[in-house]
Amino acid sequence: MEIYEYIPVRGERLFVGLHLPEPSPPSPLRRGSGQALPRERGDRAQRGRGEGTHECAVIASPIHEEKKSAHRPLVDLARALAGCGVPCLRFDYVGTGDSSGEPAAVTLGSMTDDLRAAVEHAKRVSATEVVHLVGVRLGADIAALLAEEDPGIRSIVLVVPVVQGARYVREMRIRSRIRGAITDSEGGGPGLAPGVAVDFDGHPVSDEMIGELAAHDLCSRSARLAASVLCLDVKARAEPTAGLRKLGEALRSRGADVTVSAVVDEPFWNALGPVEPRAFTGAVVGRLRQGCVEQ
Amino acid sequence: MCGAVTAEERYVEFGFGGLTMRGVLHMPASRGPAPVIMLSGWGGTRYGPNGILVEAARVLAEDGRAVARFDFRGRGDSDGAVSEHDLKCHIEDALAMADWVRDHVDERPPVLLGICSGGEVAVGALFSGLDVDSVCLWSAPVFAAEPTAARRSRKRLGYLLDYGRKALRPETWRKLLSGRVRFDIIRRVLGGAGVHEKSEGEPEELGRSAVFTGRCGGALLVYGTADPVAQEAAIAYESLYGGAGCGSSLHVVEGANHGFYGLHWKTEVIRVTREWLAGRPP
């Protein structure tokens, strides 16, 4: 069963999708009948509570065009987790997707607030205090930041985290330049609204976000990290990059139980067409199932 | 124009062929012009590239239009396997979306707004006999085009020539050399023209004598000048709609690529579409 709804966050509406372990009821509808399947929100939420689950997962997606490419693989991941008994929540950051809010107002701070709200919501509807986070790209960095402050976060899976925000900013600028070289415009220039620093593939990125990213470095943080961590690379060779190993060392020095590994699969957040990164999905599901058994 | 929500937005779903199709409905407070059904690209979601469908839906809802954005089966949040679908399936999905909108939102013929392959789906719905108010095709390739070697090479050649010409400019080199050249990024910037292999039983490619059976009040065609599918497709669709007597209006976005990956390109596409729809008879 899947429940989609909006929850209030900072005066905005956060679009969330909850994937519950219970199998979906078969649809009796035939092609073209086009009937809605009315479901009462209260009933749905109640059905999601306390049905033998003692933990849940929350997925922190990437943003910008990486989010678009990663969307379906993360839906498939959420369904796979629910299929093996782990309720899983996905959401759109405020200012992105189907959530309300201004795209230009998205910052690392707002993304962390949204993830925090999503985690609290997931705990409520799953009737558990134990949460596993799965973050992809910038979402992984956000997951690591939130895990510093929330002891209820039992484990985090960091999928190709950005680690250094300055690199992400550099990629934005390079992409903008390449677009300018190939087409006739960098998509920026005089049309940018006040406070918008970069036109990143048609997404406005604010001065504030650029500043936060420039200061962001997961390797240089020092707060204690109690969660167990999987740093996961997704690439053509089953060998984690040196950068990911370095992050693993940095997190270990903060008290975390860290595993660094790689799966051979397509970097789905950069894919142009539909992809099914099964090795990635299998690796994350395996990790979370293992974590569940150990508890 | 961007993230402002002025109409009610709610999650909606319906069952179809044993699958659940999921989407969002933008519902204005009072009944306005004909509703809009948005159709995403081949590998995309109901958000569209750089969120263009969400932004366009919110803008059109400001004008009093109900707007439905569903994910095709195997895409976004809808049920279905990722790899098992083709243009024919997506046309069936669009017809089911139209049924749902007619039964639950507004009985009037809808506007079909499709981006990239979603534009092909809109055309396919007309060939299937769906009556529509009008269609808006953004970067729509030729309907059911065979992925011939000539087309593929034209696409690649067009980009390479353009890239090569500009690469000779000193300022281009300065720009590129100021950062690391990332070919994965180049591929992303260049690509995404919605080319996909055809499977068994897919519709035939749009021919000169093709006539659709659904009623259509007009067509808006929007293409970027840096989109390699633009020229051939615009000619084909102007011929198709002209032949059907409903007329078409072509708007070219200077410099834009296939996915309108720039804020001012995106803004122009939405503005032109809004104005074109506003100028249509109620």
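Residues numbered from 1 in each chain as written. Chains lettered and ligands numbered in written order. Predicted model: local features only at pLDDT ≥ 70, side-chain atom pairs only at ≥ 80, totals over all residues. Heavy atoms only, no water.

Student: Would you take a moment to explain the overall build of chain A for this structure?
Tutor: Across its full length, chain A carries eight helices and 10 strands. Looking at chain A as a whole, 61% of its 295 residues are labelled buried. Put simply, chain A shows about 11,000 Å² of open surface, and 51% of that area lies on carbon and sulfur atoms. (Helix = DSSP H or I, 4+ residues; strand = E, 2+ residues; numbered from the N terminus. Buried < 20%, exposed > 50% of the residue type's maximum accessible area, 1.4 Å probe, protein only. Areas by Shrake-Rupley, 256 points an atom, 1.4 Å probe, with all protein chains shown as cover.)

Student: Would you explain helix α1 (residues 52-62) of chain B in this entry?
Tutor: Every α-helix carries 3.6 residues per turn, so stepping three or four residues along brings you back to the same face. All names here are of chain B. Along α1, 10 of the 11 residues are buried, which leaves the element largely enclosed by surrounding structure. Turning to α1, its buried residues are Ile52, Leu53, Val54, Glu55, Ala56, Ala57, Arg58, Val59, Leu60 and Ala61. Trailing α1 by a residue or two, Gly64 shows a phi angle of about 90 degrees, which is positive.

Student: Looking at this structure, how should I read the sheet that holds strand β9 (residues 228-235) of chain A?
Tutor: Neighbouring strands of a sheet are bound in pairs by backbone hydrogen bonds; such pairs are parallel or else antiparallel. Residues and elements named next belong to chain A. Strand order in this open sheet of eight strands is β1-β2-β4-β3-β5-β6-β9-β10, and the pairing throughout is mixed. The strands lining the two open edges of the sheet, one partner per strand, are β1 (2-9) and β10 (257-264). The average undirected angle you get between the axes of adjacent strands in this sheet is 20 degrees. Direction of pairing for strand β5 (residues 131-136) relative to strand β6 (residues 153-159): parallel, over a ladder of six bridges. Bridge pairing links Val131 to Ile153 in β6. Relative to strand β3 (residues 56-60), helix α3 (residues 108-126) is tilted by about 155 degrees, and along the sheet it contacts β1, β2 (12-19), β3, β4 (88-91) and β5. (Pairing = 2+ DSSP bridges. Axes fitted to C-alpha atoms, helices over the stretch in contact; angles between N-to-C directions. Contact = heavy atoms within 4.5 Å.)

Student: What's the story with empty space enclosed by the protein in this structure? I'm lost.
Tutor: In this approach a probe as big as a water molecule rolls over the atoms, and the regions it shows empty are the leftover space. Summed over the entire model, instances satisfying the criterion amount to five cavities of 30 Å³ or more. A volume near 360 Å³ is recorded for the largest cavity. Along the walls of the largest cavity sit 27 residues, with Gly95(A), Thr96(A), Gly97(A), His203(A) and Gly51(B) positioned nearest its centre. Secondary structure elements with two or more residues in the lining of the largest cavity: α2 (64-83) and β8 (203-206) of chain A together with α1 of chain B. Of the residues forming the lining of the largest cavity, the biggest block, four residues, is contributed by α2(A). Split into classes, the residues belonging to the lining of the largest cavity amount to nine nonpolar, 12 polar and six charged. Around the second largest cavity, the lining comprises 16 residues; the ones closest to its centre are Lys67(A), His71(A), Arg90(A), Phe91(A) and Asp92(A). Where the lining of the second largest cavity is concerned, the elements lending two or more residues are β2, α2 and β4 of chain A. Take the lining of the second largest cavity: its biggest share by element is five residues, from α2(A). The class makeup of the residues in the lining of the second largest cavity is nine nonpolar, three polar and four charged. (1 Å grid on protein atoms, 1.4 Å probe; cavity = no way out; pocket = protein on both sides within 12 Å on 5 of 7 lines; lining within 4 Å. Points joined across faces, edges and corners; volume = space filled by probe spheres on them. Nonpolar A, V, L, I, M, F, W, Y, C, P; charged D, E, K, R; others polar.)

Student: Got a minute to help me understand the sheet that holds strand β3 (residues 36-39) of chain B in this structure?
Tutor: Residue and element names in this part refer to chain B. In space, the eight strands of this open sheet follow the order β1-β2-β4-β3-β5-β6-β7-β8, with mixed pairing throughout. The two strands at the open ends of the sheet, each matched to only one other strand, are β1 (8-16) and β8 (248-253). For this sheet, the mean inter-axis angle between neighbouring strands, taken without regard to orientation, is 20 degrees. Sheet strands in contact with α1 are β1, β2 (19-27), β3, β4 (67-70), β5 (111-115) and β6 (134-138), and its direction is about 160 degrees off that of β4.

Student: Any chance you could explain the pattern of salt bridges here in plain terms?
Tutor: Side chains that differ in sign of charge can pair as their charged atoms come close. In total, this model carries 40 salt bridges over all chains according to the counting rule given. Residue Arg72(A) pairs with Asp76(A) through a salt bridge whose shortest N-O separation is 3.2 Å. Of this pair, Arg72(A) and Asp76(A) both sit in helix α2, four residues apart, which is roughly one turn of the helix. Judged by relative accessible area, which is 8%, Arg72(A) ranks as buried. Given a relative accessible area of 22%, Asp76(A) falls into the partly exposed group. With a closest N to O distance of 3.1 Å, Arg102(B) and Asp103(B) form a salt bridge. Look at Arg102(B) and you get partly exposed, because its relative accessible area is 41%. What makes Asp103(B) partly exposed here is its relative accessible area of 42%. (Salt bridge = Lys/Arg side-chain N within 4 Å of Asp/Glu carboxyl O.)

Student: Help me out: how do you make sense of the environment of Glu62(B) in this one?
Tutor: All names here are of chain B. Positionally, Glu62 belongs in helix α1. Look at Glu62 and you get partly exposed, because its relative accessible area is 41%. For Glu62 and Leu250, which are 188 residues apart along the polypeptide, the C-alpha to C-alpha distance reads 24 Å. Within the structure, Glu62 has its side chain in polar contact with the side chain of Arg274 (distance 3.0 Å). (Polar contact = N/O pair within 3.5 Å; in protein donor to acceptor, adjacent residues only side chain to side chain.)

Student: How do you make sense of the nonpolar core when you look at a structure like this?
Tutor: Generally speaking, nonpolar side chains in soluble globular proteins are found buried as a group. Ranked by internal contacts, the top residues of the largest apolar core, which has 58 residues, are Val58(A), Leu115(A), Leu133(A) and Leu158(A). Excluding residues that lie within four positions of it along the chain, Leu158(A) makes contacts with Gly135(A), Ala140(A), Ala143(A), Ala144(A), Val229(A), Leu230(A), Cys231(A), Leu232(A), Leu247(A) and Leu251(A). Core analysis: the second largest hydrophobic core is formed by 49 residues, Leu39(B), Phe70(B), Ala96(B) and Val121(B) among them. (Core = buried A, V, L, I, M, F, W, Y, C linked by side-chain atoms within 4.5 Å.)

Student: What should I look at first to understand unusual backbone geometry in this one?
Tutor: Trans peptide bonds make up the majority, and among non-glycine residues the majority have a negative phi. Within the chain, Arg137(A) stands out as a residue other than glycine whose phi angle is a positive 55 degrees. By secondary structure assignment, the location of Arg137(A) is in the loop between β5 and α4 (138-149). Looking at Arg137(A), the relative accessible area reads 10%, which means it is buried. Positive phi, close to 55 degrees, is recorded for Ser139(B), a residue that is not glycine. Among the structural elements, Ser139(B) can be located in the loop between β6 and α4 (149-167).

Student: I keep staring at α3(A) and nothing clicks. Help me out?
Tutor: Taking 1.5 Å of rise per residue, the 19 residues of α3(A) would be expected to cover 27 Å, and the 26 Å separating its terminal C-alpha atoms lies within 8% of that figure. Once α3(A) ends, the next one or two residues include Ala127(A), with phi positive near 55 degrees. (Expected span 1.5 Å × (residues − 1).)

Student: Is there a simple way to explain the packing of aromatic side chains in this structure?
Tutor: For any pair of aromatic rings, geometry is given as the distance between the ring centres together with the angle between the planes. One pass over the structure, following the stated rule, counts 15 aromatic pairs over all chains. Taking 6.4 Å as the distance between ring centres and 45 degrees as the angle between the ring planes, the aromatic pair formed by Phe15(A) and Tyr11(B) counts as tilted. Taken together, the residues span two chains, with Phe15(A) in strand β2 and Tyr11(B) in strand β1. The pair Phe15(A) / Tyr11(B) is uniform in exposure class, with both members buried. Relative to Tyr241(B), the ring of Tyr237(B) has its centre 6.5 Å away and its plane inclined at 40 degrees; by these criteria the two rings are tilted. In this pair, Tyr237(B) and Tyr241(B) are both assigned in helix α7 (residues 230-243), four residues apart and thus about one turn of the helix distant. Just as Tyr237(B) is buried, Tyr241(B) falls in that class too. Through pairs of rings, three or more aromatic residues link up here, namely Phe127(B), Phe143(B), Phe212(B), Tyr237(B) and Tyr241(B). (Phe/Tyr/Trp six-rings, centres within 6.5 Å; stacked < 30°, edge-to-face > 60°.)

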